[in-house]
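Residues per chain are reported as follows:
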Amino acid sequence: MPQTAAAGATGGSQPADVLVVFGITGDLAKVMTFHSLYRLEQRGLLACPIVGVAGDDWTVDQLRARARKSIEECGQTIDEQVFERFASRLSYLSGNFADPGTYQRLAQAIGEVSSPVFYLEIPPSLFGMTIKGLADAGLTKHARVVVEKPFGHDLASARELSAEIHEHLEESQLYRIDHFLGKMGTDELLYLRFANTMIESVWNRNHIACVQITMAESFGVEDRGHFYDPVGALRDVVVNHLMQVVAVAAMEAPAGKEARTLKDAKYAVFRATETADPAHYVRGQYDGYLDIDGVAKDSTTETYAAMCLHIDNWRWSGVPWFIRTGKKLPVTQTELRVVFKHPPRLGFMEHGHRRPEADQFVVKLDPSTGTQLTLDAHRADEGGPQAITLDMEFADEGGEAPTPYEVLLLDAMRGDSSRFTRQDSVEETWRIMQPLIDAPPQVHSYAQGSWGPKEGERLVAGYGAWHGPWVTS
């Protein structure tokens, strides 16, 4: 049974009076958490102590030294006054997550708090044990618990993980992080759709031929073979990140300010999405992948995945949604591209023999963000009509945006769950992708620096070709 936000939830929206980070000595904290929390401190938005919990036998001075080094390695110039304030918030507790005594000592360390936030930067296999330890120590009654993906590895495991967690927590207390939902581009896509009448009025099957979502990465698996090989592109980014982009792009306007209305609108999209068909799914693996440490020599794990999805509702019936992602592609960029229907030939014009190009609207999501509109117009330098582009980089207009983890950690500490994924949506995305997991087609090799296997181009036959992504220098 899907879990929905419960009325009278114990998670509440009271601001956090302590943030406890489990796994604070790990890689995620090194590359994301310390930097994001420092930037919140810099912006005057951090307002509670931070307790790190991990198995390493560290002192608080070692933790603060790791924080400084991590922030610097993220390219941040440290303001000493800001760092001093941030470092003064940090404390550390060493302990085994399987030991009930660890949670008792944590309870003593944080004292009488009324709205703790526990952030689990640990493998999902440890979620249940850690949450049980917190509950047994009496720490979860008014708590919010933030967990990292993956939320299962298929539909059955997602349900099992949910059942284990919900023995101790209400759904409203659980904040599932997907960093894509903290990106400025994702927020902007939602706002652009509903804040601009000229966009929303054509955002439907009457005007749109297809939607293309591309997540291209120029880098490969490198030293992450042990992690990546059991997972692959479908589980790594499609079932979570890119399906969230689908939801934001396809949903109806939420009917209220509450977090639940936004989550209901996303859930409705997933419920209307037909299960994926393996016949319209292309898997690829870049040349050289099998030579990476940690990768099985006979691995058929995909580093490229492309598919076609259909949303069976009034707005989107008949419009294919093409999704592709891959490593070792020519560029690194994620975008959503709406391709509109072709207009008829303009027989009354001098160039009436030429059919105008289809209009396109692009929202760049990562790592740079912006919008681009492609229209057909006269060009003197071309001697007639051609496609022209109207584009804008968000950074040029409004400056640098907060990082995704700044946004999401601040939301968690404030008790705003609107950007976090709900269990019923998690189960629906796995339901959509389950046939591709159960009956995956063969994996095709592709050259590094190419756009993937040629079979990926055949997927969009009848709709022109894959477009973009739009990349600016």
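In the block above lies the structure referred to throughout.
An account of the accompanying structure is given in this report. Since we're looking at a predicted model, the values are computed, not measured. (Residues numbered from 1 in each chain as written. Predicted model: local features only at pLDDT ≥ 70, side-chain atom pairs only at ≥ 80, totals over all residues. Heavy atoms only, no water.)

## Here's the deal with the overall build of the protein chain
Note the threshold: Each helix corresponds to a stretch of at least 4 residues labelled H or I by DSSP, and each strand to a stretch of at least 2 residues labelled E; elements are numbered beginning at the N terminus. In this treatment the radius of gyration is a C-alpha quantity, and the globule benchmark scales as 2.2 Å times the residue count to the 0.38 power. Relative accessibility thresholds used throughout: buried, under 20% of the residue-type maximum; exposed, over 50%; partly exposed, between the two (1.4 Å probe, protein chains only). Two residues form a contact once any of their heavy atoms are found within 4.5 Å. In these tables, accessible area is a Shrake-Rupley quantity obtained with a 1.4 Å probe, and a residue counts as shielded only by the protein chains included in the view.
Tallying secondary structure elements over the protein chain gives 15 helices and 15 strands in all. For 473 residues, the compact-globule estimate of 2.2 N^0.38 gives 23 Å, and the C-alpha radius of gyration of the protein chain, at 24 Å, lies within 12% of that figure. For the protein chain, the spread of C-alpha atoms along the three principal axes comes to 80 × 50 × 45 Å. Here the protein chain holds 473 residues, and the buried ones make up 52% of them. Across the protein chain, contacts joining residues at least 24 apart in sequence account for 77% of those joining residues at least 6 apart. As displayed, the protein chain offers around 20700 Å² of accessible surface, 51% of which is attributable to carbon and sulfur atoms.

## A look at the packing of helix H4 (residues 100-110) against helix H5 (residues 127-136)
Each pair of packed helices can be summarised by the angle the axes make with each other and by the distance between the axes. Operational definition: All axes are obtained by fitting lines to C-alpha atoms, using only the stretch in contact for helices, and the reported angles, taken between N-to-C directions, cover 0 to 180 degrees. If an angle is under 35 degrees, it is roughly parallel; if it is over 145, roughly antiparallel; if it lies from 65 to 115, roughly perpendicular; otherwise it is oblique. Helix crossings get a hand from a simple test, with the near helix turned counterclockwise from the far one by less than a right angle marking a left-handed crossing and a clockwise turn marking a right-handed one.
Where H4 contacts H5, the two axes come as close as 9 Å, and the packing angle between them is 55°. Relative to H5, H4 is oriented oblique. The two elements H4 and H5 cross, and the hand of that crossing is right-handed. Here Tyr-103, Gln-104 and Leu-106 of H4 come into contact with H5, specifically with Met-129, Thr-130, Gly-133, Leu-134 and Asp-136.

## Points about the pattern of salt bridges
Inclusion rule: Any Lys or Arg side-chain nitrogen found within 4 Å of a carboxyl oxygen on Asp or Glu counts as a salt bridge.
In total, this model carries 26 salt bridges according to the counting rule given. The partner of Arg-419 in a salt bridge is Asp-187, with the nearest N and O atoms 2.5 Å apart. Taken as a pair, Arg-419 in the loop between helix H13 (404-414) and helix H14 (423-438) and Asp-187 in helix H7 (residues 184-195) lie far apart in primary sequence, 232 residues in all. Through salt bridges with shared partners, a single network forms among Arg-193, Glu-200, Glu-252 and Arg-315.

## With respect to the packing of aromatic side chains
We count it as follows: Stacked, tilted and edge-to-face pairs are distinguished by plane angle, under 30 degrees for stacked and over 60 for edge-to-face with tilted covering the rest, among Phe, Tyr and Trp rings (Trp via its six-membered ring) whose centres lie within 6.5 Å. Remark: a charge is flagged as sitting over a ring if the NZ atom of Lys or the CZ atom of Arg is within 6 Å of the ring centre and within 35 degrees of the ring normal.
One pass over the full model with this rule turns up 13 aromatic pairs. Measuring from ring centre to ring centre gives 6.0 Å for Phe-322 and Trp-466, while their planes differ by 75°; the resulting arrangement is edge-to-face. Taken as a pair, Phe-322 in strand S10 (residues 320-326) and Trp-466 in the segment after helix H15 (455-458) lie far apart in primary sequence, 144 residues in all. With respect to class, Phe-322 is no different from Trp-466; both count as buried. Taken together, the ring pairs connect Tyr-228, Tyr-286, Tyr-289, Tyr-304 and Tyr-446 into an aromatic cluster. In this structure, Lys-183 is placed above the aromatic ring of Phe-180, and the distance from its NZ or CZ to the ring centre is 5.4 Å. A cation over an aromatic ring shows up here: Lys-364 above the ring of Trp-470, its NZ or CZ 4.3 Å from the ring centre.

## Some points on H14
Applied cut-off: In this scheme, a helix's expected span is set at 1.5 Å multiplied by one less than its residue total. Two axes are fitted around each residue, one to the seven residues ending there and one to the seven starting there, and the angle between them is reported as the bend at that residue.
Taking 1.5 Å as the rise per residue, H14 with 16 residues should run 22 Å; its terminal C-alpha atoms sit 22 Å apart, in good agreement. When the local axis directions of H14 are compared, the greatest deviation, roughly 40°, occurs at Ile-432, which is followed within four positions by the proline Pro-435. The element H14 is extensively covered by neighbouring structure, given that 13 of its 16 residues are classed as buried.

## Some thoughts on the environment of Asp-57
Tracing the sequence through the fold places Asp-57 in the loop between strand S2 (50-54) and helix H2 (60-73). By relative accessible area, Asp-57 is classed as exposed at 69%. Between the alpha carbons of Asp-57 and Ala-195 there is a distance of 52 Å; along the sequence they are 138 residues apart. If sequence neighbours within four positions are ignored, Asp-57 has contacts with Gln-62 and Ser-94.

## Comments concerning H5
Each full turn of the α-helix corresponds to 3.6 residues, which orients residues three or four apart in the same direction. Three or more residues of H5 are buried, namely Phe-127, Gly-128, Thr-130, Ile-131, Gly-133 and Leu-134. Close packing links the buried residues of H5 with strand S1 (18-22), H4, strand S4 (116-120), strand S5 (144-148) and helix H6 (155-165). Positioned one or two residues after H5, Gly-138 has a phi angle of 75°, which is positive.

## Regarding the sheet that holds strand S6 (residues 174-177)
What counts here: We call two strands paired when DSSP finds no fewer than two bridges between them.
Pairing within the open sheet is parallel, and its six strands lie in the order S3-S2-S1-S4-S5-S6. The open sheet is flanked by strand S3 (90-94) and S6, the only strands paired with a single partner. Across the sheet, the mean angle from the axis of one strand to that of its neighbour is 20°, orientation sign disregarded. Across the sheet, H5 touches S1, S4 and S5, and the angle it forms with S4 is around 160°.

## Here we look at the environment of Pro-404
Mapped onto the secondary structure, Pro-404 falls in helix H13. The residues touching Pro-404, leaving out its near neighbours within four places in the chain, are His-179, Gly-182 and Lys-183.

## Quick notes on the packing of helix H1 (residues 27-42) against H2
For the pair H1 and H2, the least separation of the axes is 8 Å and the interaxial angle reads 95°. Between H1 and H2, the crossing angle belongs to the class labelled roughly perpendicular. In this structure, H1 uses Lys-30, Phe-34, His-35 and Tyr-38 to contact H2, whose residues at the interface are Leu-63, Arg-66, Ala-67, Ser-70, Ile-71 and Glu-73.

## Concerning the sheet that holds strand S13 (residues 370-379)
Within a sheet, adjacent strands bond to each other through the backbone by hydrogen bonds, running parallel or antiparallel. The nine strands lie next to each other as S14-S13-S12-S11-S7-S10-S9-S8-S15, forming an open sheet whose pairing is mixed. Each edge of the sheet is formed by a strand with only one pairing partner; in this case those strands are strand S14 (384-393) and strand S15 (443-446). Recorded for the sheet is a direction-independent mean angle of 20° between the axes of neighbouring strands. Across four bridges, strand S8 (residues 281-286) lies against S15 in parallel orientation. Bridge pairing links Gln-285 to Ser-445 in S15. Sheet contacts for H7: strand S11 (333-340), strand S12 (360-366) and S13; angle to S12, the most-contacted strand, approximately 150°.

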